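Breakdown of the fold
What follows is the residue order along each chain.
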Amino acid sequence: MTYTFKLARRLAVSRNYRMLPVLLVIAACSGDATAPEGSPENQTGNEWRSRDILPVALTVRPSSVTLETNQLLQFRAHGHNSAGDSVGAAVTWSTSGGTILPDGRFSAAAIGTYTVVGASRVRGQLQVDTSTVQVVRRQTQLVAIEVTPNSVSLAPGVSQTFTALGRLMGGDAVPVGVNWSATGGSIDGGGTYVAGDTAGTYQVRATNTAGTLADTVTVTITAPPSLPPPAPVLASVVLMPSSVTLAPSATKQFKVYGRTTTNDSVAVDNVVFTATGGTVTAGGLYTAGSTAGTFRIIAKSGTLADTSRITISSPLGSGTSTGLPFGPAQQLVRTGSIVAPFNMTADGGYTASNILNRINAARSGGYKLLLQIPSGSHHDETSPLLSVIDGVLQFDEGKWRAQMDQFNTSTIRQAVAAAIADGTIVGQIVMDEPQVWGGYNYGGNTWGPKGTMTKLRVDGLCSYVKQIFPTMPTGVYHAHNAFEPDKSYRVCDFIVSPYDHRRGDIRAYRDGGVAIAQRDGHAIMFSLNVLDGGIQAARDGLWACDPVLTGGRGTFDPNCRMTAAQVRDWGILLGTVGCGLYMWRYDGAFVSKTENQQAFRDLGNRLASLPAKSCRRN
């Protein structure tokens with residue numbers, strides 16, 4: 001293996017892929033046809049086995065550029081295989097503004113800042129890279145073009161980015177679009193120059209788009225030093241791919257190999273992976289979390305390490321979903337199905353044996369699930385979540401955790417993660433009305449003394465759920481102003497805040513709930529108590545819920561059901577500001593009334609017209 005070829009390969013594996021075009025020239029001109037040790041190319045007689053040509057990363061050039069309106073620029077992209085070598089890639093171009101042709105030529109008629117996206121999909125794997133384009137007005141009063149730096153000395157294969165500004169007659173500097181040209185190397189449309197392999201003095205030139213003004217700077221390419229080949233010692237570890245974009249809950253397998261000081265590829269032992277934004281196994285399998293953003297994964301072997309960038313976002317081309325889910329609780333347990341026009345149900349009764357069937361039925365039926373796990377009443381002495389502790393019947397967190405542990409199987413975890421990713425599962429309510437889950441006077445007051453539950457303790461329940469289902473939006477059901485309103489949730493993602501007429505003015509109640517959600521960074525879903533939350537109206541002094549003035553008698557006197565107008569109007573006021581609309585609870589007689597059916601349809605149509613909202617915390 002000649003030194004020239006080794007130098008080219010050593011530079012090629014640099015994470016700065018801008019060197020690759022020149023490196024290919026260096027390798028081609030070296031006259032050394034020996035395959036590098038440790039590469040996938042092996043020679044048997046005159047037969048060769050082709051190297052890996054599948055790209056695992058994509059680079060778009062230029063990575064940033066300033067253009068004038070209607071100035072045409074050619075973008076280019078190339079892929080990189082797992083060894084860091086440049087390979088061909090079929091690229092699809094898109095842009096946030098202006099126009100880009102299928103061959104990568106871009107122009108824009110309006111000023112602004114745009115993003116150009118190059119994407120390539122190989123065997124189901126998507127590689128993406130972006131470039132930022134600033135489009136400015138064409139300056140008609142220019143008197144000069146200035147390029148910086150005005151001189152530079154580079155080694156072969158090293159890059160340098162030049163910038164160009166325009167000067168007005170008064171001396172003011174203004175951004176301009178220019179056309180770049182160079183000798184002794186190559187330069188892209190953004191001004192990034194890569195030195196060639198021949199020593200000498202060369203020029204880089206920037207010309208304004210009118211072709212009337214230009215500036216030229218000097219580039220000196222130095223001769224490479226004549227050094228003996230270094231000893232074959234492990235010099236670095238390389239983590240591939242170097243960057244990846246994933247949807248929430250998606251997985252990606254990362255791989256690591258080593259580079260010696262002679263630039264040969266070698267296997268690496270005792271690699272330790274760490275990651276942010278998700279989880280990673282000991283073998284390098286990364287699972288994205290639920291929060292969008294830019295994160296990283298680190299592979300470390302001894303004192304050597306490498307880092308790759310992970311972007312968690314919605315997949316390109318997925319579009320923006322619309323519609324907010326709504327529906328009453330207990331539809332499944334009372335009817336076995338979802339009643340039109342509802343598209344969400346909130347039920348308890350989940351077990352390890354029925355959760356998969358419920359998920360599959362919801363996905364095939366096109367409706368969403370708001371899970372209530374674990375299940376158990378807070379005011380029934382026979383509740384499976386209560387125990388007598390020190391003579392007081394109260395919430396037993398050990399029983400709660402034991403119920404959750406029944407769902408901690410690989411099959412259920414995978415099914416739940418998939419249902420969260422495709423929107424079948426909205427989230428999980430971990431507790432109903434924690435303000436009344438205090439200690440109960442055993443055999444005394446049904447509601448008992450309060451005080452054992454706090455927002456901090458409920459946060460612990462949400463955290464326990466996320467240990468089993470990392471991407472699960474977790475929430476709690478209580479009136480936003482009824483349970484420690486001066487304190488905040490830090491882990492739970494949302495609250496379901498119920499409304500009935502006794503809580504006062506509906507707009508003030510709505511605005512108060514939204515304000516608390518914004519203050520604490522969590523989402524909110526409002527709930528209508530359709531069976532007991534209507535305005536109480538009597539005739540002749542009797543609390544009989546006059547059928548003309550109310551929706552009928554509630555589940556216990558003197559409560560009244562909501563009217564169709566209240567369902568529609570109050571539902572729109574509350575449902576349009578949250579991540580969905582919950583109702584307590586399903587009742588066949590109430591739902592089947594003609595006027596109520598029309599109110600539900602009107603409410604559903606209004607919610608379906610709105611952009612979808614996540615029930616995750618901000």
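Above: the structure in question.
Residues numbered from 1 in each chain as written. Predicted model: local features only at pLDDT ≥ 70, side-chain atom pairs only at ≥ 80, totals over all residues. Heavy atoms only, no water.

Now for the environment of Gly79. Mapped onto the secondary structure, Gly79 falls in strand S6 (residues 76–80). Gly79 gets classed as buried once you look at its relative accessible area, which sits at 0%. Considering only alpha carbons, one finds Gly79 and Ala89, 10 residues apart in sequence, at a separation of 5.4 Å. Beyond its immediate chain neighbours, meaning those up to four positions away, Gly79 contacts Pro55, Ala57, Leu58, Asp85, Ser86, Val87 and Ala89. (Helix = DSSP H or I, 4+ residues; strand = E, 2+ residues; numbered from the N terminus. Buried < 20%, exposed > 50% of the residue type's maximum accessible area, 1.4 Å probe, protein only. Contact = heavy atoms within 4.5 Å.)

Quick look at the nonpolar core now. Judged by nonpolar contacts, the single largest core of 66 residues is most densely connected at Trp400, Val416, Val458, Phe469 and Met583. Ranked by residues supplied to this core, first place goes to helix H7 (residues 455–468) with six residues. If near-sequence neighbours (up to four positions away) are discounted, Phe469 is found in contact with Met404, Phe407, Ile412, Arg413, Val416 and Gln428. Formed by 20 residues, the second largest nonpolar core is a distinct cluster that contains Ile145, Val152, Ala164 and Val217. (Core = buried A, V, L, I, M, F, W, Y, C linked by side-chain atoms within 4.5 Å.)

So, on to the sheet that holds strand S8 (residues 92–95). Across the sheet, which stays open at both edges, the four strands sit in the order S4-S12-S11-S8 with mixed pairing between neighbours. Taken across any chain shown, the strands that pair with only one partner, and hence form the sheet edges, are strand S4 (64–68) and S8. Ignoring strand direction, the axes of neighbouring strands in this sheet form an average angle of 25°. The pairing of strand S11 (residues 112–122) with strand S12 (residues 125–136) spans 11 bridges and is antiparallel. Pairing of Ser120 across the sheet is with Gln127, part of S12. (Pairing = 2+ DSSP bridges. Axes fitted to C-alpha atoms, helices over the stretch in contact; angles between N-to-C directions.)

Before going further, it helps to spend a moment on the sheet that holds strand S25 (residues 251–253). An order of S25-S30-S29 is seen for the three strands of this open sheet, with the pairing classed as antiparallel. The outermost strands of the open sheet, each flanked by one partner alone, are S25 and strand S29 (278–280). Shown here is a sheet whose adjacent strand axes are inclined to one another by a mean of 15°, direction ignored. In terms of strand pairing, S25 meets strand S30 (residues 285–288) through three bridges, oriented antiparallel.

The next subject is the packing of helix H8 (residues 506–520) against helix H9 (residues 564–575). Axis separation between H8 and H9 bottoms out at 10 Å; the angle between their running directions is 20°. With respect to their mutual orientation, H8 and H9 come out roughly parallel. The element H8 and its partner H9 pack so that their crossing is right-handed. In this structure, H8 contributes Ile506, Arg507 and Arg510 to the contact, and H9 contributes Trp570, Leu573 and Leu574. A breakdown of the residues in the contact of H8 with H9 according to their chemical character gives four nonpolar, no polar and two charged. (Parallel < 35°, antiparallel > 145°, perpendicular 65-115°, else oblique. Left-handed = near helix turned anticlockwise from the far one by under 90°. Nonpolar A, V, L, I, M, F, W, Y, C, P; charged D, E, K, R; others polar.)

Let us now look at the packing of helix H4 (residues 355–365) against helix H6 (residues 410–421). Packing of H4 against H6 leaves a shortest axis separation of 10 Å and a crossing angle of 20°. As far as their axial angle goes, H6 and H4 are roughly parallel. Judged by the sense of rotation from one axis to the other, the crossing of H4 with H6 is left-handed. Taking contact as the criterion, the partners of Ile355, Leu356, Ile359 and Arg363 in H4 are, on H6, Thr411, Ile412, Ala415, Val416, Ala418 and Ala419. Grouping the constituent residues of the contact of H4 with H6 by class yields eight nonpolar, one polar and one charged.

In this section: H8. With 15 residues, H8 ought to run about 21 Å at 1.5 Å a step, and its terminal C-alpha atoms sit 21 Å apart, in line with that. Along H8, the residues that are buried comprise Ile506, Tyr509, Arg510, Gly513, Ile516, Ala517 and Asp520. Here the buried residues of H8 occupy an arc of 130° about the axis, which is enough to place them on one side. Looking at the buried residues of H8, the elements they touch are strand S41 (494–499), strand S42 (523–529) and H9. Near the N-terminus of H8, the side chain that reaches the backbone nitrogen of Arg507, with its oxygen 3.2 Å away, is that of Asp505. Looking one or two residues beyond H8, the residue adopting positive phi is Gly521, at roughly 80°. (Expected span 1.5 Å × (residues − 1). Arc of directions from axis to C-beta. Polar contact = N/O pair within 3.5 Å; in protein donor to acceptor, adjacent residues only side chain to side chain.)

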